[in-house]
Amino acid sequence: MLGKNILDMLKDEITNIEYERYIKQLKYDENSSKSDYAVFSAPNPFIANWVKTKYSKKISNLFELKTGVKPQVDIVVGKKSSNKKRSLNTASISGQKQTSSTKLNPSYTFENFVVGSSNQFAYTAALSVAEKPGQLYNPLFIYGGVGLGKTHLLQAIGNYNLAKGKSVIYTTIEQFMNDFTYHLRNQTMDRFREKYRKCDILLIDDVQFLSRKEQTQEEFFHTFNELHNKSKQIVLTSDKHPKQIAGLEDRLKSRFEWGLIADIQPPELETKIAIIKKKCELDGIILSDEVINYLATKMDNNIREIEGTIIKLNAYASLMNQKITLDFAKSVLKEQIKEKQENISMEKIIKVVSKELNIKPSEIKSRSRSRNIVSARRIVIYLARTLTPNSMPTLAQFFGMKDHTSVSHAMKKINEIMEKDENFKVKIEELIHKIKHS
Ligand code: ADP
Ligand code: MG
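Here the structure is a predicted model, which is why all the values come from computation and not from measurement.

Caption draft 1: How the structure looks around the overall build of the protein. Scanning the protein from N- to C-terminus turns up 20 helices and eight strands. Dimensions of the protein along its principal axes, counting C-alpha atoms only, are 90 × 60 × 35 Å. Each of the 438 residues in the protein was classed as buried or not, and the buried ones make up 48%. Put simply, of all contacts in the protein between residues at least 6 apart along the chain, 72% involve residues at least 24 apart. Summed over its atoms, the accessible surface of the protein is roughly 22800 Å², and 49% of this surface lies on carbon and sulfur atoms. The protein carries 69 positive and 51 negative side-chain charges, and their two centres are separated by 2 Å.

Caption draft 2: Spotlight on unusual backbone geometry. Across the junction of N138 and P139, the peptide omega takes the value 0 degrees, indicating a cis bond. Despite not being glycine, S231 has its phi angle at roughly 55 degrees, a positive value. Position of S231 among the secondary structure elements: in the loop between α9 (214–229) and β7 (233–238). Although it is not a glycine, N358 adopts a positive phi angle of roughly 60 degrees. Relative to the assigned elements, N358 resides in the loop between α15 (346–357) and α16 (361–365). Given the relative accessible area of 68%, N358 is considered exposed.

Caption draft 3: Spotlight on the packing of helix α8 (residues 189–197) against α9. Where α8 contacts α9, the axes come no closer than 10 Å and their chain directions differ by 45 degrees. If you check the angle between α8 and α9, you find them oblique. Relative to α9, α8 is oriented so that their crossing is right-handed. Taking contact as the criterion, the partners of M189, F192, R193, Y196 and R197 in α8 are, on α9, E219, H222, T223, E226 and L227. The class makeup of the residues in the contact of α8 with α9 is four nonpolar, two polar and four charged.

Caption draft 4: A look at the site of ligand 1. Among the 18 residues in the neighbourhood of ligand 1, the closest are listed as V114, G147, T151, H152 and E307. In this structure, R304 approaches ligand 1 through a side-chain N or O atom, which is 2.9 Å from an oxygen atom. One of the side-chain N or O atoms of E307 is found 2.7 Å from an oxygen atom in ligand 1. In the complex, the protein chains occlude 96% of the 560 Å² of accessible area that ligand 1 would expose alone. Elements that contribute at least two residues to the shell around ligand 1 include exactly α6 (150–162), α11 (269–283) and α13 (303–319). Among the residues forming the shell around ligand 1, the class breakdown is seven nonpolar, seven polar and four charged. Counting contributing residues per domain, the shell around ligand 1 is built from domain 2 (120–264) and domain 3 (269–341), each supplying no fewer than three.

Caption draft 5: Just helix α7 (residues 173–185), in detail. With 13 residues, α7 extends 18 Å from end C-alpha to end C-alpha; this agrees with the ideal 18 Å at 1.5 Å per step. Among all positions in α7, only I173, Q175, F176, M177, D179, F180 and H183 are buried. Buried residues along α7 sit in contact with β5 (168–172), α8, β6 (201–205) and α9. Following α7 by one or two positions, Q187 has its phi on the positive side, about 55 degrees.

Caption draft 6: A look at the pattern of salt bridges. Evaluated as defined, the whole model comprises 21 salt bridges. With its nearest N and O atoms 3.3 Å apart, the salt bridge here joins K198 to E194. Taking relative accessible area as the criterion, K198 reaches 55% and is therefore assigned exposed. The partner of K427 in a salt bridge is E430, with the nearest N and O atoms 3.6 Å apart. Of this pair, K427 and E430 both sit in helix α20 (residues 422–437), three residues apart, which is roughly one turn of the helix. K427 gets classed as partly exposed once you look at its relative accessible area, which sits at 33%. Through salt bridges with shared partners, a single ionic network connects R193, R197, E219, E226 and K230.

The rules behind the values
- Residues numbered from 1 in each chain as written.
- Chains lettered and ligands numbered in written order.
- Predicted model: local features only at pLDDT ≥ 70, side-chain atom pairs only at ≥ 80, totals over all residues.
- Heavy atoms only, no water.
- Helix = DSSP H or I, 4+ residues; strand = E, 2+ residues; numbered from the N terminus.
- Buried < 20%, exposed > 50% of the residue type's maximum accessible area, 1.4 Å probe, protein only.
- Contact = heavy atoms within 4.5 Å.
- Areas by Shrake-Rupley, 256 points an atom, 1.4 Å probe, with all protein chains shown as cover.
- Lys, Arg positive; Asp, Glu negative; His and termini not counted.
- Charge placed at Lys NZ, Arg CZ, Asp CG, Glu CD.
- Axes fitted to C-alpha atoms, helices over the stretch in contact; angles between N-to-C directions.
- Parallel < 35°, antiparallel > 145°, perpendicular 65-115°, else oblique.
- Left-handed = near helix turned anticlockwise from the far one by under 90°.
- Nonpolar A, V, L, I, M, F, W, Y, C, P; charged D, E, K, R; others polar.
- Near = heavy atom within 4 Å.
- Polar contact = N/O pair within 3.5 Å; in protein donor to acceptor, adjacent residues only side chain to side chain.
- Domains from an automatic or database assignment.
- Expected span 1.5 Å × (residues − 1).
- Salt bridge = Lys/Arg side-chain N within 4 Å of Asp/Glu carboxyl O.

Given below as structure tokens:
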């Protein structure tokens, strides 16, 4: 335990905070170290760089004290809780050559995934599939916005099954495509097929990028069929429902819908808070509840961005030798966290919905009770509650309704239909997309 001894010695030379924040997170890599070369792994690039610049000299001196040899010290990025060899980030230099499937991130596990109502369904589906691959839902199709945990769940299925000795392939659709082109060019398609059609579990990330790639779609279609016929599990993720992926062949669309489709919604506040706490715990970063609440309420729902922000805060605090107080967090993040801009107007929602449903904007605000107008009005109310800060009483007033109960009734109705009718739900998602991006 030479490496650990050295880090313990270092503990006496630095402050407690420094030790907790950085040094405690290092793991000595016995396999890669030699007498004149000491390697430690850090959980993220920031800590790795920080340790390298600030402590590597000290570490080297301590080695000399202990062993008589002064080694060169290297800090690499790797996950702390994992098998060292597999996780060390020795990025392949051979580059674009034969792209093998990417390794799984060992920290993307079910245990590290925080469950809330926004992702409960996808989480449960993923866990069931992990436990009984090929038996329950095949394929499982997970879709949702950026940074909401799709890749995490996908890889959790992989890690779970790797541990059981199953053969798992994880790849993004882009890698699949590069791999395909490579083997095609080299006339080694049999190797390509061997690889993708002989696994127990195929995990494919970001299938929306299949859009308009006809040749890859064709190849993927056959891969899919062969695995499916052999009851091998296929799991796919995408930022959209299969129906919404433009330029995707119908036969693939329909296959993607054969099994189970699970969506991940943006996290509610409590889930966001729980995720932040979890990340802090995993990265050994200490934040007060006050700061956590601030981040959770002010930041967008993209968890990846929130994670980046936590690391940045931590970095600034150490550089400036400061505690992460609320004021400090505010000042560091003032540029990043723009006060939520509520730039979606009622007019815009009405415009998009009426165009889509082919009715006049004025009809939506009218008192008409004709069926299609009532239905359109409900959709507008639902979207307004979802996309704008308007309260129920405000909306009731806007539509000349008696009070907020009519608004809440409309909300309930739409939620009911969405639960029952997948097409309707997709339609609503499409509308949201149009409103946000037009
Ligand atoms: P996506 O693939 O949907 O864009 P990722 O799976 O890459 O998103 O997630 C982005 C980051 O957020 C990852 O580091 C992931 O671990 C984290 N994350 C997302 N959702 C959760 C969750 N529910 N619990 C814990 N971490 C999460
Ligand atoms: Mg992803």
